[in-house]
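Structure assessment
The primary structure of each chain is shown beneath.
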Amino acid sequence: MGFFDMNVQDRVVFITGAAWGIGQALAAAFLDTGARVAFIDRDGQAGRAAEWELATRGNVRFIEADVSDEVAVALAVEQVLDRFGRLDVLINNAGLCLRKPLRELSLAEWQRVLDVNLTGAFLCARACAGELMRRKGVIINIASTRAVMSEADTESYAASKGGLVALTHALAVSLGPDVRVNSISPGWIDVSVWRPGGFQEKLSEADHRQHPAGRVGVPADVARLALFLADPSNNFLTGQNLTLDGGMTRKMIYQ
Ligand code: NAD
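The structure reproduced in this document is the subject of the present report. (Residues numbered from 1 in each chain as written. Predicted model: local features only at pLDDT ≥ 70, side-chain atom pairs only at ≥ 80, totals over all residues. Heavy atoms only, no water.)

**Points about the nonpolar core**
Ranked by internal contacts, the top residues of the largest apolar core, which has 34 residues, are Phe14, Val80, Leu90 and Ile139. Of all elements in the fold, only strand 1 (12-16), strand 2 (36-41), helix 3 (70-84), helix 4 (107-135) and helix 5 (155-175) reach the threshold of two or more residues within this core. Among the elements that make up this core, the one with the highest residue count is helix 4 (8 residues). Here Val80 is in contact with Val12, Phe14, Ala38, Ile63, Gly85, Arg86 and Leu87, once residues within four sequence places are set aside. Counting 32 residues, the second-largest nonpolar core is a separate cluster that includes Leu26, Val37, Ile142 and Ala230. (Core = buried A, V, L, I, M, F, W, Y, C linked by side-chain atoms within 4.5 Å. Buried < 20%, exposed > 50% of the residue type's maximum accessible area, 1.4 Å probe, protein only. Helix = DSSP H or I, 4+ residues; strand = E, 2+ residues; numbered from the N terminus. Contact = heavy atoms within 4.5 Å.)

**Some thoughts on the packing of helix 1 (residues 21-32) against helix 7 (residues 219-230)**
For any two helices packed against each other, one specifies the crossing angle of their axes together with the interaxial distance. At a closest axis distance of 9 Å, the pairing of helix 1 and helix 7 adopts a crossing angle of 50°. Classified by the angle their axes make, helix 1 and helix 7 are oblique. The interaxial crossing formed by helix 1 with helix 7 has right-handed handedness. On helix 7, the residues touching Ile22, Ala25, Leu26, Ala29 and Phe30 of helix 1 are Pro219, Val222, Ala223, Ala226, Leu227 and Ala230. Of the residues contributing to the contact of helix 1 with helix 7, the split by class is 11 nonpolar, no polar and no charged. (Axes fitted to C-alpha atoms, helices over the stretch in contact; angles between N-to-C directions. Parallel < 35°, antiparallel > 145°, perpendicular 65-115°, else oblique. Left-handed = near helix turned anticlockwise from the far one by under 90°. Nonpolar A, V, L, I, M, F, W, Y, C, P; charged D, E, K, R; others polar.)

**Observations concerning unusual backbone geometry**
For the peptide bond that leads from Gly176 to Pro177, omega is 5°, which places it in the cis range. Positive phi, close to 55°, is recorded for Lys136, a residue that is not glycine. Given a relative accessible area of 52%, Lys136 falls into the exposed group. One non-glycine residue, Asp153, lies in the positive phi region at around 70°. With respect to the helices, strands and loops of the structure, Asp153 is situated in the loop between strand 5 (138-142) and helix 5. What makes Asp153 partly exposed here is its relative accessible area of 32%.

**Some points on the site of the ligand**
Taken together, 26 residues lie around the ligand, and Ile22, Asp41, Asn93, Tyr157 and Lys161 are the ones closest in. A distance of 2.7 Å is found between an oxygen atom of the ligand and a backbone nitrogen or oxygen belonging to Ile22. Contacts to the ligand include Tyr157, whose side-chain N or O atom sits 2.4 Å from an oxygen atom. Contact with the protein chains removes 89% of the 820 Å² of surface that the ligand exposes when unbound. When atom positions are compared with the pocket grids, the ligand is found to occupy the largest pocket. At the level of secondary structure, the elements contributing two or more residues to the shell around the ligand comprise helix 1, helix 4 and helix 5. Residues belonging to the shell around the ligand are distributed by class as follows: 14 nonpolar, 6 polar and 6 charged. (Near = heavy atom within 4 Å. Polar contact = N/O pair within 3.5 Å; in protein donor to acceptor, adjacent residues only side chain to side chain. Areas by Shrake-Rupley, 256 points an atom, 1.4 Å probe, with all protein chains shown as cover. 1 Å grid on protein atoms, 1.4 Å probe; cavity = no way out; pocket = protein on both sides within 12 Å on 5 of 7 lines; lining within 4 Å. Sits in = over half its atoms within 2 Å of the grid points.)

In structure tokens, the structure reads:
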């Protein structure tokens, strides 16, 4: 057992969007500590496949649900409490990225990204708040460095992640001292092995070298930070947004 996981055994972790990518890596990491994991995803087929794979690591339950659906989220949280009897950690990870020039971006597309990335986190936090307060629990929001910097044509995604960082400190103040709430803002995380097909993306030397840390991130980087935030002994840390980007947002790039 490692340092970070010594206090998380037997706790119940609820993760959104864990059928693929960072979410699935988070589920695996928490299961490896002995925690029980429930996750929701809108992709039923991939969710069931992930549940089957993750079951080799521990006690895991998948529920098909869309994070932006108020009723589905409330029902999913009820099912988690029925099955596991408690809930200690909520990780709002489900996310959607849309690249589209501003003048072509429809209101419906803008709203869909906000609904999934921001409103979904609000709905899950609200549905879990009572139980998390009883358990002195933790909320971890997976934001993005795109909350503070942008490429062109990513308005909806950037705005949703900026909103998620703000929601994080608002929740920390409202739910404290019972519940600690922090966000992780990853930079470039290579999730290719956790995507359909599972093939490692071919990254170039330059992809890695441009990072002050010397490499592109991997989902395990996010998982280790989430384990740290979920550890009850780290209870002086709340309301913060932790950037996990290999130093990219600290690098001046004027040409
Ligand atoms: P991914 O696309 O591999 O995984 C996202 C998961 O969320 C999928 O399983 C998908 O089915 C699920 N999902 C999408 N919409 C949903 C909905 N409405 N309801 C329920 N589930 C839904 O993405 P990822 O790269 O693993 O990203 C995970 C999180 O990390 C996202 O919030 C993303 O914005 C954030 N992030 C990723 C990176 C990166 O480089 N990969 C960087 C910064 C932030």
